Each structure stands twice: as structure tokens, then as C-alpha cells.
Amino acid sequence: MKKLPRIRLAHLPTAIEPLSRLSAYLGGPRLWVKRDDQTGLAFGGNKTRKLEFVLAEAQANGAQTLITVGGVQSNHCRQTAALAARFNLGCILVLNGDPDQSLSGNLLLDHFFGATIVWTTRAQRDAVLEATFRQAWEEGKRPYLVPLGASTPLGAVGYAAAFEECLQQDVVRPDWMIVASSSGGTQAGLVLGARLANWPGKVLGISIDQPVADLQKIVSNLASEASGLLDESQTIQSADIRVNADYLGGGYAVLGDAEVEAIRLFARYEGLLLDPVYTGRAAAGLIDLIRRGFFKADETVLFWHTGGTPALFADSYRAQLSQF
Ligand SMILES: *Cc1c(COP(=O)(O)O)cnc(C)c1O
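Reading the values: rules and limits
- Residues numbered from 1 in each chain as written.
- Predicted model: local features only at pLDDT ≥ 70, side-chain atom pairs only at ≥ 80, totals over all residues.
- Heavy atoms only, no water.
- Buried < 20%, exposed > 50% of the residue type's maximum accessible area, 1.4 Å probe, protein only.
- Helix = DSSP H or I, 4+ residues; strand = E, 2+ residues; numbered from the N terminus.
- Pairing = 2+ DSSP bridges.
- Near = heavy atom within 4 Å.
- Polar contact = N/O pair within 3.5 Å; in protein donor to acceptor, adjacent residues only side chain to side chain.
- Areas by Shrake-Rupley, 256 points an atom, 1.4 Å probe, with all protein chains shown as cover.
- Nonpolar A, V, L, I, M, F, W, Y, C, P; charged D, E, K, R; others polar.
- Contact = heavy atoms within 4.5 Å.
- Core = buried A, V, L, I, M, F, W, Y, C linked by side-chain atoms within 4.5 Å.
- Axes fitted to C-alpha atoms, helices over the stretch in contact; angles between N-to-C directions.
- Phe/Tyr/Trp six-rings, centres within 6.5 Å; stacked < 30°, edge-to-face > 60°.
- Lys NZ or Arg CZ within 6 Å of the ring centre and 35° of its normal.

Novice: Teacher, can you tell me more about the pairing of strand β10 (residues 300-305) here?
Specialist: On any regular strand, side chains alternate: one points to one face of the sheet, the next to the other face. In terms of burial, β10 is largely enclosed, as 6 of its 6 residues are buried. One ladder, built from 6 bridges, connects strand β2 (residues 30-35) with β10; its direction is parallel. Looking across to β10, one finds that valine 33 is bridged to phenylalanine 303. As paired strands, strand β7 (residues 176-181) and β10 are joined by 3 bridges and run parallel to one another. Following the sheet pairing, isoleucine 178 is matched in β10 by phenylalanine 303.

As C-alpha cells, this is what we get:
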């Protein structure tokens, strides 16, 4: 794989561990987990790998301020804010949500890292982001815009590299990789990595908040464009992208019974923490697929743990998570 400029900061390679007790309990395929919740930057998560490449570009452009966007409990915003602190950059986060809410979970951490927060609504988010960027530019802050979830072709390259890392570790030879997919960069990188390695297995994205066709299109476009950055120019079609959108529940960041059950099972059987928004939902999908016999009993399934655990401590989820 072509070497692109990259700021090495993640703790890599992340561990690959068996989920033996959970596999036995579910009576399904052999389950393993890739611990990208342990990438080392401020409680870790999948955005760290993307930001290694994005930060290299920002620095090359002479950026002095990172501006990014997300929901109140955005893991991406928390990791970007931590990165900005570490590299002596300013950070402005455009967050959609209630400005009067208490500081908890990721939002509390955003404050620790000294990020400036601009509040908006979901509907106004793009416009406010644009205005925030323009204002920072006019004020001479040399802003660099990190799009939602750092899901740019360059960010996706971080997950093509992650795929390569996983194969090189050679701890497990999975038939399936399962990953939570939302802004698409993570799945795009994995799909591209799989394509470049001629990998015989399947990457399945469990959609967090998007219909199948929309996410397939986003992921395939990102994967194709990322391949161009690597001088590989692969054409990856929508039809090449495996997405399951059966687990959207009450919508983005709405914790339901299925997520609560998944969080409980991973905790009780493996001592492993999932998050309420992404990995809780993806694991709920995985568990349901196992119960429906989607996988063969002798198959091996690798679940990418993409992080997000600080949201377990968001006040908004306390009542439901206290039912354990
Ligand atoms: C952002 C995020 C995802 C989704 O990754 P995308 O690249 O946006 O699809 C999954 N899990 C966690 C914990 C995240 O923060």
C-alpha cells in the first residue's frame, strides 16, 4: 500500500481477542473482537486512525485550528478535541443538541480539552458549520475543516491500513468482519483494504442511522476515492458493499432494548464495554443475526470494536442503563 503522510499517534496494532464465553452462550459462530476502542487517544475509538492521516494533511496546510461537527455525544469530536490539544491547535466543535444540558460523557471531555463549542440544531448544522469556518478564517485562525466523522477518502485510508494491520497480525482468519457504519469511512477503508488484499471474507456494515442504499453509495464512493489516493484506482460499486439496516431502532443515538441487551451481554460474558450509540447497536444486530442462523456454526466472525464508551456516562442514558 502506498505510504501517505501520517502522524503516528495511535497505539497500534490494537489487540484481537476471542469472545469465548459469548460465543458459547450464543451457540453460534466463533466470535472475536478487534479492540479499536483501545487506540490510545483520550479513551480511543475508530476516529483516531482516520485522524492520523487527516492531521498530517492539516499540518501540511499550515492549519492552526481544527473545526469539526457532530452530535452532543460525538466520539469523533472528542477525539478531534484531544488531538488538537496534543498538537497545540485550536478546536471548534459545531454540535447539534441542547446547549443547556449538563456536562457528561463526551461533552464533558470536550471541555477538558479546551474546545470551543458552537451549538446548533440538526437542521441548521451544515449552514452553521460553514459560517463558523468562514468566521474563523476571517479572524486569521487558519482553520482546517474535518468533515463529519472524518469520513473523507483520506480518513478512510486509515481503515484500509487497519485492515492490512489485522491481516498481518494473523491472530485469526475471519470469514466475516462486522462493523458499525454511519458516516461510512470506517467500512469504506475496510472494504478497500479487503479488495487490495484480495481477501476472501466478507465485510458487513451494520447501519446505525442510514437506509441500505444511501450507506452503500457513501461507502462505495469513499472506498473508490480512497483507492485513488493510494494510486490503486479500484472501482468499488454500491452492490459490492454489504449493509444491514434492520437495526436502526428509534434513530440515531436513541438507546433501545436491543442495545441495552447487547451492552449487558458483552459486559456479563466478556467484561467488555460497548457504547450506547454505535457498538451497542452493531452488536445487537450481530446477536440477532446469530440467533436467526445467518452465520454458519463453523464460521469465524470478527467484530470491530470502534469505541464510543465515554457515552456510557452521558446523563441522557443513565436511567436506561441503570436497569442492569
Ligand atoms: C463514528 C463511529 C462509528 C462509525 O464510523 P463511521 O466511519 O462514521 O461509519 C462507529 N463506532 C463509533 C464508536 C464511532 O464513534
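Following the structure, the description resumes.
Novice: How should the site of the ligand be read in this particular structure?
Specialist: Around the ligand there are 17 residues in total, and Lys47, Lys50, Ser183, Thr186 and Thr306 lie nearest to it. A distance of 3.0 Å separates an oxygen atom of the ligand from a polar side-chain atom of asparagine 75. In this structure, a nitrogen atom belonging to the ligand sits 2.6 Å away from a side-chain N or O atom of threonine 306. Protein burial of the ligand: of its 380 Å² of free accessible surface, 98% is covered by the chains. Among the elements of the structure, α2 (47-60), β7 and α7 (185-196) are those that each provide at least two residues to the shell around the ligand. Here the shell around the ligand is built from residues that sort into 2 nonpolar, 12 polar and 3 charged.

Novice: I would appreciate a short explanation of helix α4 (residues 105-112) in the present structure.
Specialist: Residues three or four positions apart in an α-helix share a direction because the helix packs 3.6 residues into each turn. Every buried residue belonging to α4 is among Gly105, Asn106, Leu107, Leu109 and Asp110, and all of these are buried. Tucked inside the fold, the buried residues of α4 contact α3 (75-86), β4 (90-96) and β5 (116-120). Downstream of α4 by a residue or two, glycine 114 has a phi angle that is positive, lying close to 80°.

Novice: How should the nonpolar core be read in this particular structure?
Specialist: For soluble globular proteins, the rule of thumb is that nonpolar side chains tend to be buried together. Core analysis: the biggest nonpolar cluster contains 36 residues, and Leu31, Ile178, Phe266, Leu286, Phe295 and Phe303 have the highest contact counts within it. Broken down by secondary-structure element, the contributors of at least two residues to this core are α1 (20-26), β2, β7, β8 (202-207), α9 (257-270), α10 (279-291), β10 and α11 (315-321). At 7 residues, α10 tops the list of elements feeding residues into this core. Those residues within four positions of phenylalanine 303 in sequence are excluded, and the remaining contacts are Trp32, Val33, Lys34, Ile178, Phe266, Leu274, Thr279, Ala282, Ala283 and Leu286. If you look at the next biggest cluster of nonpolar residues, it comprises 33 residues, including Leu4, Phe163, Ala194 and Ile236.

Novice: Before we go on, may I ask you to explain the sheet that holds strand β9 (residues 242-244) in this structure?
Specialist: Across the sheet, which stays open at both edges, the 6 strands sit in the order β1-β2-β10-β7-β8-β9 with mixed pairing between neighbours. Of all the strands in the sheet, just β1 (16-18) and β9 have a single pairing partner and so form its edges. Across the sheet, the mean angle separating the axes of adjacent strands is 30° when strand polarity is ignored. Each of β2, β7, β8, β9 and β10 touches α10; the most contacted strand, β10, lies at about 165° to it.

Novice: What is the right way to look at the packing of aromatic side chains in this model?
Specialist: Two descriptors summarise a pair of aromatic rings, namely the distance from one centre to the other and the angle between the planes of the rings. As enumerated under the stated definition, the model contains 9 aromatic pairs in all. Ring centres of phenylalanine 294 and phenylalanine 295 lie 4.9 Å apart, and the angle between their planes is 90°; on these two criteria the pair is classed as edge-to-face. Overall, phenylalanine 294 belongs to the partly exposed group, its relative accessible area being 40%. Cation over ring: lysine 47 sits above tyrosine 278, and NZ or CZ is 5.6 Å from the ring centre. Its end group placed over the ring of tyrosine 159, arginine 49 keeps NZ or CZ at 5.7 Å from the ring centre.

Function cannot be inferred from these measures alone, as they are strictly geometric.
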